[in-house]
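Analysis of the macromolecular model
In case you want the letters, here they are:
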Amino acid sequence: MMTTPFTDADTELVEHNGTHLVRVTPRSGDDHRGWFTANAEALRSAMYEHAAVMVKGSGLAEQAELAEIAEEIGGGPSLEYNERSTPRSRVTGNVYTSTEYPQDQTIPQHNESAYSQNWPHNVFFFCAQAAQTGGETPVADSAALLDALPADLVRRFEDKGVLYTRTYRTGMGLSWQEGFQTDDKGRVETYCAEHGIEAEWDGDVLRTRQRRPAVMEHPVTGRKVWFNQAHLFHVHALPEAVREGLLEICGEDGLPRNAYYGDGTSITGDEIDTILGAYRDKTLAEPWRTGDLLMIDNILTSHGRRPFTGDRTVLVAMTQRTADAA
């Protein structure tokens, strides 16, 4: 049940194993901007309550509108995609393509930029062109996931946090120039020092280490959630042939990215499998139609991408709430 009603719209709550998505279909005709303004509070409330909201047939036509609506609903400025871990392209302003991985690959569930101090509060996905088949952006409730994980595993992660390690080298994952959006080593060092990242150079190869929490409380709702990317960074999450090839070429210390407990001890493959299994159980996928807009609270829900056929264009804007908007 929605606590804040929508104006001039039909709504439906979709649920799967503790994950919720509010499906909203406006009845506003051509005045889509007026509809978003009239329903800004209801949309924010729905994200706090159910984490994910999909507006069917949003009416967005111009790419710049995505950032404008994201800022209006998100209650804060749109963000640049810095400290990158996946390839994306800037479309206009702070609007980007979604992660540019081959269409036959799955992108696992994750909370956007949870490895960084500069993660977004909200993420807005606009489907400019739906795929012929597949290509959904599934979501999974972060609190439901936390509850589904074994208590001893949660306790270890909560006590120790996560250590994310990265090695930036040409031709092996993202270069440091792409990851930090600069070719100035001094700017990289300054950014790392200001954001709690240990950085070490070996010629033109950059190695970084950063410790982040694995569990957190939502600053508005107080819900305790699983919020990290240990399973996404960990080498065990890669296909076996890819994993063995990278380890042979780079060694464990030189992997493009990996994850450990915050004290540097190993996270086992079985633990990663347990986390991935919990995500699979909690994942809900709403089919895209061209013109749909998915908005999520990045703390309360994770997102991913399913394989697809045909052309697919999904654009992304990310925002951080200001203190008065919280």
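Up top is the structure.
In short, a report on the structure. In this text, all values refer to a predicted model and were calculated from it rather than measured experimentally.

1. Focus: the overall build of the protein chain
- When you go through the protein chain residue by residue, the secondary structure sums to 10 helices and 19 strands.
- In terms of C-alpha radius of gyration, the protein chain reaches 20 Å, essentially the compact-globule figure of 20 Å for 326 residues.
- In the protein chain, which comprises 326 residues, the share counted as buried stands at 54%.
- Look at the contacts in the protein chain between residues 6 or more apart in sequence, and 78% of them connect residues 24 or more apart.
- A total of about 13800 Å² of accessible surface is found on the protein chain, and carbon and sulfur atoms cover 46% of it.

2. Overview of helix H2 (residues 40-50)
- Counting buried positions along H2 yields 8 of 11 residues, so the element is predominantly enclosed.
- Here H2 has its buried residues at Ala-40, Ala-42, Leu-43, Ser-45, Ala-46, Met-47, Tyr-48 and His-50.
- One or two steps after H2, the chain reaches Ala-51, where phi turns positive at roughly 80°.

3. Topic: the pairing of strand E16 (residues 293-297)
- Taken across its 5 residues, E16 has 5 buried, putting it largely inside the fold.
- Across the two faces of E16 the burial is the same, with Leu-293, Met-295 and Asp-297 and Leu-294 and Ile-296 all buried.
- Pairing of strand E3 (residues 52-55) with E16 involves 4 bridges; the strand directions are antiparallel. Along E16, the bridge assignment pairs Met-54 with Leu-294.
- Bridge analysis of strand E7 (residues 122-129) against E16 gives 5 bridges, and the strand direction is antiparallel. Counterpart to Phe-124 in the pairing with E16 is Met-295.

4. Some points on unusual backbone geometry
- The backbone phi angle of Asn-17 is positive, close to 50°, even though this residue is not glycine.
- Secondary-structure assignment places Asn-17 in the loop between strand E1 (9-16) and strand E2 (19-26).
- A positive phi angle, near 55°, is found at Gln-181, a position not held by glycine.
- Relative to the helices and strands, Gln-181 resides in the loop between helix H6 (176-180) and helix H7 (185-194).

5. Some remarks on the sheet that holds strand E19 (residues 313-319)
- Read across the sheet, 8 strands follow the order E1-E2-E3-E16-E7-E19-E5-E4 without closing on themselves; strand pairing throughout is mixed. Edge positions in the open sheet fall to E1 and strand E4 (90-92), since each of these has one partner strand only. Within the sheet, the average angular offset between the axes of one strand and its neighbour, ignoring direction, is 25°.

6. Some words on empty space enclosed by the protein
- Throughout the structure, instances matching the rule amount to 3 cavities of 30 Å³ or more.
- Each pocket or cavity is described by its volume, and for the largest cavity that value is around 120 Å³.
- What lines the largest cavity is a set of 13 residues, and nearest its centre among them are Ser-98, Thr-99, Phe-125, His-303 and Gly-304.
- Of all the secondary-structure elements, those providing two or more residues to the lining of the largest cavity are strand E6 (107-110) and strand E17 (301-305).
- The greatest single-element share of the lining of the largest cavity, amounting to 3 residues, is contributed by E17.
- Residues belonging to the lining of the largest cavity are distributed by class as follows: 3 nonpolar, 6 polar and 4 charged.

7. Details of the pairing of E7
- The buried count for E7 comes to 6 of 8 residues, which makes it a mostly enclosed element.
- Note: E7 against E19, 7 bridges, orientation antiparallel. Looking at the pairing, Cys-127 lines up with Val-314 of E19.

8. Here's the deal with the sheet that holds strand E12 (residues 205-212)
- Taking strand neighbours across the sheet as the criterion, the 4 strands line up as E11-E12-E10-E15 in an open arrangement whose pairing is antiparallel. Two strands in the sheet have a free side with no partner beyond their single neighbour: strand E11 (198-202) and strand E15 (257-261). Averaged over all neighbouring strand pairs, the angle between strand axes comes to 15°, with direction disregarded.
- Relative to E12, strand E10 (residues 162-168) runs antiparallel, the two sharing 7 bridges. Counted as the bridge partner of Thr-165 is Arg-209 from E12.

9. Observations regarding the environment of Gly-291
- Mapped onto the elements, Gly-291 comes out in the loop between helix H10 (269-282) and E16.
- For Gly-291, a relative accessible area of 13% puts it in the buried group.

What counts as what
Residues numbered from 1 in each chain as written. Predicted model: local features only at pLDDT ≥ 70, side-chain atom pairs only at ≥ 80, totals over all residues. Heavy atoms only, no water. Helix = DSSP H or I, 4+ residues; strand = E, 2+ residues; numbered from the N terminus. Rg over C-alpha atoms; globule rule 2.2 N^0.38 Å. Buried < 20%, exposed > 50% of the residue type's maximum accessible area, 1.4 Å probe, protein only. Contact = heavy atoms within 4.5 Å. Areas by Shrake-Rupley, 256 points an atom, 1.4 Å probe, with all protein chains shown as cover. Pairing = 2+ DSSP bridges. Axes fitted to C-alpha atoms, helices over the stretch in contact; angles between N-to-C directions. 1 Å grid on protein atoms, 1.4 Å probe; cavity = no way out; pocket = protein on both sides within 12 Å on 5 of 7 lines; lining within 4 Å. Points joined across faces, edges and corners; volume = space filled by probe spheres on them. Nonpolar A, V, L, I, M, F, W, Y, C, P; charged D, E, K, R; others polar.

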